[in-house]
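A closer look at the structure
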Amino acid sequence: MPEQPGIDAYAAYLPAYVLADNRLDATTPPRPGGPARGVAAFDEDTVTMAVEALRHVAAATGPGRQLLFATTNAPYEAKTSAGVAHEALGLDPGIAAVDLRGHRSGATALDLVVRSWFR
């Protein structure tokens, strides 16, 4: 049976800290039913959260795959975040690592994957 195109795996990481207060300043009362939000710790950035999310998925990833690192908030200006995550996960050198930055980076990553399916 031919290999079907698709997403082999995905992962998510939710920070341990939660911001439940939805006030704009300390003088106003909180709005009822406001959303609680996950907040990264002082030493967590997009790369460390990506590595934590992918730790279990990365072990089963073989060569010929790709790591698309899409973020709106990259911690490094001079080096690639995808390269750092690739090395931290100990991925096979045959796995390509690509950085995508900006507010449309997630949509761009999905577009790249879908286009590769229909070549």
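Going by the structure above, here's the rest.
Here the structure is a predicted model, which means the values were calculated and not measured. (Residues numbered from 1 in each chain as written. Predicted model: local features only at pLDDT ≥ 70, side-chain atom pairs only at ≥ 80, totals over all residues. Heavy atoms only, no water.)

What to know about the overall build of the protein
Within the protein, the regular secondary structure consists of 3 helices and 4 strands. Going from N to C terminus, the protein has its helices and strands arranged as β-β-α-β-α-β-α. Across the 119 residues of the protein, 20% fall into the buried class. For the protein, the share of sequence-separated contacts (at least 6 apart) that also reach a separation of at least 24 residues comes to 62%. Of the roughly 8,900 Å² that the protein leaves accessible, carbon and sulfur atoms contribute 57%. (Helix = DSSP H or I, 4+ residues; strand = E, 2+ residues; numbered from the N terminus. Buried < 20%, exposed > 50% of the residue type's maximum accessible area, 1.4 Å probe, protein only. Contact = heavy atoms within 4.5 Å. Areas by Shrake-Rupley, 256 points an atom, 1.4 Å probe, with all protein chains shown as cover.)

What about the nonpolar core?
Soluble, globular proteins show a tendency: their nonpolar side chains are buried together. Within the largest apolar cluster, 11 residues are counted, these being Val47, Ala50, Val51, Ala58, Leu67, Phe69, Ala82, Ala85, Leu89, Leu91 and Ile95. Within the residue set of this core, elements represented by two or more residues are helix H1 (46–58), strand S3 (66–71) and helix H2 (81–89). Of the residues forming this core, the biggest block, 4 residues, is contributed by H1. (Core = buried A, V, L, I, M, F, W, Y, C linked by side-chain atoms within 4.5 Å.)

Concerning helix H3 (residues 105–117)
Over its 13 residues, H3 extends 19 Å from the first C-alpha to the last, a length consistent with the 18 Å expected when each residue adds 1.5 Å. Among all positions in H3, only Ser105, Ala109 and Val113 are buried. An end-on view of H3 places all buried positions within 80° of arc, on one side of the element. Along its buried surface, H3 packs onto S3 and strand S4 (96–101). (Expected span 1.5 Å × (residues − 1). Arc of directions from axis to C-beta.)

Things to note about the packing of aromatic side chains
Counted according to the given criterion, the structure contains 0 aromatic pairs. Looking at lysine 79, its charged tip hangs above the ring of tyrosine 76, at a distance of 4.6 Å from the centre. (Phe/Tyr/Trp six-rings, centres within 6.5 Å; stacked < 30°, edge-to-face > 60°. Lys NZ or Arg CZ within 6 Å of the ring centre and 35° of its normal.)

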